[in-house]
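Coordinate inspection notes
The chain contents come next:
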Amino acid sequence: MTVPAAGAADREVPDVFDPRGYADGLPHAAYRLLRDRHPVAWQEEPEVLGWPAGPGFWAVTRHEDVVRVLKDARTFSSHLGATQIRDPDPADLPFIRRMMLNQDPPDHGRLRRSVSRAFTPRQVDRFGTVVRARARDLLTAAVAAARAGNGVGDLVTAVTDDFALLNLADLLGVPAAERELLLDWTRRVIGYQDPDESGPPASGPDGRPADPRSPAMLQDMFGFARELAAHKRRYPGDDVMTVLASDPELATPELEMFFFLLTIAGNDTVRSAAPGGLLALARHPDAYRRLRTGAVGTATAVEELLRWHPPVLSFRRTAAHDTELAGRPLRAGDKVVVFHGSANFDERVFTAPHRLDLARSANPHVSFGDGPHVCLGAHLARLQLRVLYEETCRLLPALAVAGPPRRLVSNFIHGLKSLPLRLVDVPPGK
């Protein structure tokens, strides 16, 4: 593994690893310094929040280099060390590699084709109708609750968490009584760095926190997936799990990992992007007014809001052989981590990147990744976000931040735990 020698230049390299550094939003100053002076920069991986230290990694922050890493699966492997910054337990790697996200072509392609068959035009059309009714109902209820109180509503707890969760449950065909399990699993796996989300950490045999992505910590989810698949074989429905459960090419362990991937990624992509977009609109009232009046199209606005608030902060690859990136020599086995939030604000690609421009026409953001692992559910996520913003414009003449948002402590997911917005004006003395 390449370990760069310490020198004057290295001492100015900012830390973009510590999850606590994202509690106030994207670290734009650090990203800018890295892009300008250290586009492929060595990052130490100290022990943080009780999680053990790691060997370090290369942080990739320029758009051009991020895209190269994501597209070049032969050089930058998802399979060798999986896709999270922290190294998994070597004993867990065979299990983790069952997931499509942690595979390289051509194995990755077979599984991707299997799940793609589940997203039929009929399924998408039906899904869109349900999503719009749900967005309208949740927003209407949030406005009514705000009117009965102080005029303020937390859009995360009142709208976006349930919006993402219930849409996913419909897509998968999860019975209504079991739907809260999906949110519980998402919080456990995605929010494990944040005490508010993860709860008290479970301990492993060595007394350290147990990895929530390990086989031992996911048995309840996999057991549920097997039971749900058996139910769908007996009572098929118009949903993704019915399609997967009836696929003769899909082995049970692969089906379990699909359920895991769809539950976590399918929920948290929208769960993170939706409140981030609403916060951006609330902080830019002129942009929101243009969206409400139709001066800009919703589909174009969705892309700009995704660029502004990417739901995923980083993804890891592992160098499959010695190579070079932006002039830096990398050795086989080195961890290489791309930072989506930095790439989305790269001045080399985006004109005035710190201006929210809902009409931005050339918008090659990497919020859904790129290359063979580009987000499988990106079109469904875009559909949900477009519908939510359209219904927000219809029901809310103005958006105003009513208190500081609370962000997820994570170097992986760009999430919001709370977003207090003023939804209605309440007469004085009420």
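As the structure is a prediction and not an experimental result, all values here were calculated from the model. (Residues numbered from 1 in each chain as written. Predicted model: local features only at pLDDT ≥ 70, side-chain atom pairs only at ≥ 80, totals over all residues. Heavy atoms only, no water.)

**A word on the pairing of strand β8 (residues 335–339)**
- Across the five residues that make up β8, a large majority, five, are buried.
- In terms of strand pairing, strand β2 (residues 57–60) meets β8 through three bridges, oriented parallel. Residue V60 lies in a different strand from β8, and its bridge partner there is V338.
- Bridge analysis of strand β5 (residues 314–319) against β8 gives five bridges, and the strand direction is antiparallel. Looking at the pairing, T318 lines up with K335 of β8. (Buried < 20%, exposed > 50% of the residue type's maximum accessible area, 1.4 Å probe, protein only. Helix = DSSP H or I, 4+ residues; strand = E, 2+ residues; numbered from the N terminus. Pairing = 2+ DSSP bridges.)

**Description of the nonpolar core**
- Judged by nonpolar contacts, the single largest core of 125 residues is most densely connected at L244, F259, F260 and L358.
- Looking at this core element by element, the count peaks at 16 residues for helix α12 (residues 252–283).
- With near-sequence residues (within four places) excluded, L244 lies in contact with S114, V115, L250, L255, F258 and L262. (Core = buried A, V, L, I, M, F, W, Y, C linked by side-chain atoms within 4.5 Å. Contact = heavy atoms within 4.5 Å.)

**Remarks on helix α2 (residues 28–37)**
- For α2, every residue scored as buried is listed here: A30, Y31, L34 and R35. One side of α2 holds all its buried residues, which, seen down the axis, span an arc of 130°. Facing away from the buried side of α2 by more than 90 degrees, the exposed set consists of A29 and R37.
- Looking at the buried positions of α2, the neighbouring elements they touch are β1 (40–43), β8 and α15 (340–343). (Arc of directions from axis to C-beta.)

**As for the pairing of β5**
- Counting buried residues in β5 gives six out of six residues, a clear majority hidden from the surface.
- When strand β3 (residues 76–77) meets β5, the two strands line up antiparallel, connected through two bridges. Across the sheet, residue F76 finds its bridge partner in β5, namely A319.

**Let's talk about the confidence of the model for the protein chain**
- The predicted model of the protein chain averages 89 in pLDDT, with 91% of residues at 70 or higher.
- Segment residues 5–9 is flagged for pLDDT under 50; beyond a separation of four residues in sequence, or across chains, it makes two contacts in the model. (pLDDT = per-residue confidence, 0-100.)

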